[in-house]
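# Structure assessment
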Amino acid sequence: MTRTLTLLGATGSIGASTLDLVRRNRAAWQIEALTAQCSAAQLAALAIEFDARLAVVGDEACLPELRDALAGTGIAAAGGRAALIEAAARPVDMTVAAIVGCAGLAPVMAAVERGGTIALANKEALVSAGEVLMAAVARHGATLLPTDSEHNAIFQCLAGNRIADVARITLTASGGPLRTWSAERLHTATPAEAIAHPNWSMGAKISVDSATMMNKGLEYIEAYHLFPVGLDKLSIVIHPQSVIHSMVEFRDRSTLAQLGPSDMRVPIASCLAWPERMETPLGPLDLAAIGELTFHAPDEERFPATRLAREALAAGGAAPAILNAANEVAVAAFLAGQLRFTHIAALVEETLERSPLGAAPASLEDVLAIDQSARREAQRLLENPALVG
Ligand code: NAD
Ligand code: MG
């Protein structure tokens, strides 16, 4: 049976992993829409290869190039924010949400509002709009399948169990490429050093987030919304081998863990085939070759991001959206060589301190307004480096 699929963020790392799986079983899928921010040539090539009905660029300036590349193919081309949302709102059996950042929120919301089944990789959408998004999921009868490897692991461990029986959820974290660096050395970390992840190959933004541990902070907030067990039952452990992707401990002290290769095609496949299973091209897990699995507690002195995320969640209201927006600004500035590695968390903390927490956002528009004003605050701080030094 052929199922229809829309892939938001088709030209990225998650997009490539998703399309690799689809490519191996073309008969199973009809692609409705593929989207990207720009990368018109790459997007057009994918749309042609996968016989998509529609290709959309978020940046309207890239539309003429996309139109040219698709001329005569019969594949529709569109551009701009509204076109992304329209693409996400088209009825399909499965939406893979793999845009990076809060920019993915409105398209995810459009897929939720038509009651779709959404494989959610775009964690920033859930961090910024947690309550609003989860309320919309419930209201519209949408299905969210967690694609982030940790959350997919937890989702698998919870299958057949009751959330009320959960004693603790433990997110594992590799610790990133700078895990063993001293505080002094972290001060000098370059973008190339920060994105050289030992276990995972990912987009630049999430790679920096892994190095600062903000990725785990964002995932902590993501887990809070996906699995309603409460803050006190969520914990983080460093596990450098990235073999155990997360664990759920139940009140009888039985712990279930999900293990697998550190390759996003595994959790993506789990979502695409859910509630069934499908083949992936990965080899079997060879525990004897891996040899040992180690664990230790996070160091929030050197890596304060998880503390900031926990505090933002406890503060509630606009705080998680502010944390996420400031982090997006800070990571972009770090990648552009404008901000020191250790100042990423400092900028996030300072932005949170300077932003009014206000009431909890009640709508998508509220979240987007908070996101915009936090970006402006973070940008002002960037222009005054003494404030984050
Ligand atoms: P990426 O940078 O490789 O790709 C991002 C995709 O989004 C690209 O197709 C890009 O064109 C598109 N995009 C970027 N900005 C956009 C905008 N403003 N509007 C519309 N489209 C835009 O990122 P990635 O590593 O694939 O990550 C995607 C999401 O999945 C992120 O939220 C990330 O945190 C999450 N995630 C990624 C991994 C991974 O292994 N890469 C693992 C877990 C979760
Ligand atoms: Mg993850």
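It should be emphasised that the depicted structure is a prediction, and the values quoted were computed from it without experimental measurement.

## Description of the coordination of the magnesium ion (ligand 2)
For the magnesium ion (ligand 2), every protein donor is listed as Asp148 (OD), Glu150 (OE) and Glu219 (OE), and the spread of their distances is 2.1 to 2.2 Å. Here the donor residues for the magnesium ion (ligand 2) map to a single chain with the spacing D-x1-E-x68-E. A single burial state applies to Asp148 and to Glu150, both of which are buried.

## Digging into the nonpolar core
Core analysis: the largest hydrophobic core is formed by 80 residues, its most contacted members being Val112, Ile169, Leu178, Val248, Leu323, Phe341 and Ile344. For this core, the element with the most residues is helix 15 (residues 319-335), which contributes 11 residues. Residues within four places of Val248 in sequence aside, it is in contact with Ile154, Cys157, Leu158, Val166, Arg168, Ile169, Ser254, Thr255 and Leu256. Among the nonpolar cores identified, the runner-up in size contains 38 residues, and Ala10, Val22, Ala55 and Leu66 belong to it.

## Quick notes on the side chain of Thr212
Positionally, Thr212 belongs in helix 10 (residues 204-212). Residue class for Thr212 comes out buried when judged on its relative accessible area of 7%. A polar contact of 3.2 Å, which involves the side chain of Thr212, links it to the backbone oxygen of Asp209. Reaching out from Thr212, the side chain makes a polar contact with the backbone nitrogen of Met214 at a distance of 3.0 Å.

## Considering the site of ligand 1
Around ligand 1, 23 residues are found, and the nearest of them are Thr11, Ser13, Arg81, Glu124 and Gly203. Gln37 places a polar main-chain atom, nitrogen or oxygen, 2.9 Å from an oxygen atom of ligand 1. At 2.8 Å from a nitrogen atom of ligand 1 is found a side-chain nitrogen or oxygen belonging to Arg81. Here ligand 1, which alone exposes 820 Å², has 88% of that area covered by the protein.

## Some points on the pattern of salt bridges
Summed over the entire model, instances satisfying the criterion amount to 25 salt bridges. Between Glu86 and Arg90 there is a salt bridge; the shortest N-O distance is 3.4 Å. Residue classification places Arg90 among the partly exposed positions, given a relative accessible area of 23%. A salt bridge links Asp371 to Arg375; the shortest N-O distance between them is 2.8 Å.

## Some details on the packing of aromatic side chains
Overall, the coordinates contain two aromatic pairs when judged by the stated rule. With a centroid separation of 6.3 Å and 50 degrees between ring planes, the pair formed by Phe155 and Trp274 is classed as tilted. You can see Phe155 sitting in helix 7 (residues 149-158) and its partner Trp274 sitting in the loop between helix 12 (265-273) and helix 13 (287-290), a full 119 residues away along the chain. Of the residues examined, Phe155 reaches a relative accessible area of 25% and is grouped as partly exposed. A centroid spacing of 5.7 Å and a plane angle of 65 degrees characterise the contact between Phe334 and Phe341, whose relative ring orientation is edge-to-face.

Thresholds applied
Residues numbered from 1 in each chain as written. Chains lettered and ligands numbered in written order. Predicted model: local features only at pLDDT ≥ 70, side-chain atom pairs only at ≥ 80, totals over all residues. Heavy atoms only, no water. Donors = N, O, S within 2.8 Å, 3.2 Å for Na, K, Ca; no water. Buried < 20%, exposed > 50% of the residue type's maximum accessible area, 1.4 Å probe, protein only. Core = buried A, V, L, I, M, F, W, Y, C linked by side-chain atoms within 4.5 Å. Helix = DSSP H or I, 4+ residues; strand = E, 2+ residues; numbered from the N terminus. Contact = heavy atoms within 4.5 Å. Polar contact = N/O pair within 3.5 Å; in protein donor to acceptor, adjacent residues only side chain to side chain. Near = heavy atom within 4 Å. Areas by Shrake-Rupley, 256 points an atom, 1.4 Å probe, with all protein chains shown as cover. Salt bridge = Lys/Arg side-chain N within 4 Å of Asp/Glu carboxyl O. Phe/Tyr/Trp six-rings, centres within 6.5 Å; stacked < 30°, edge-to-face > 60°.

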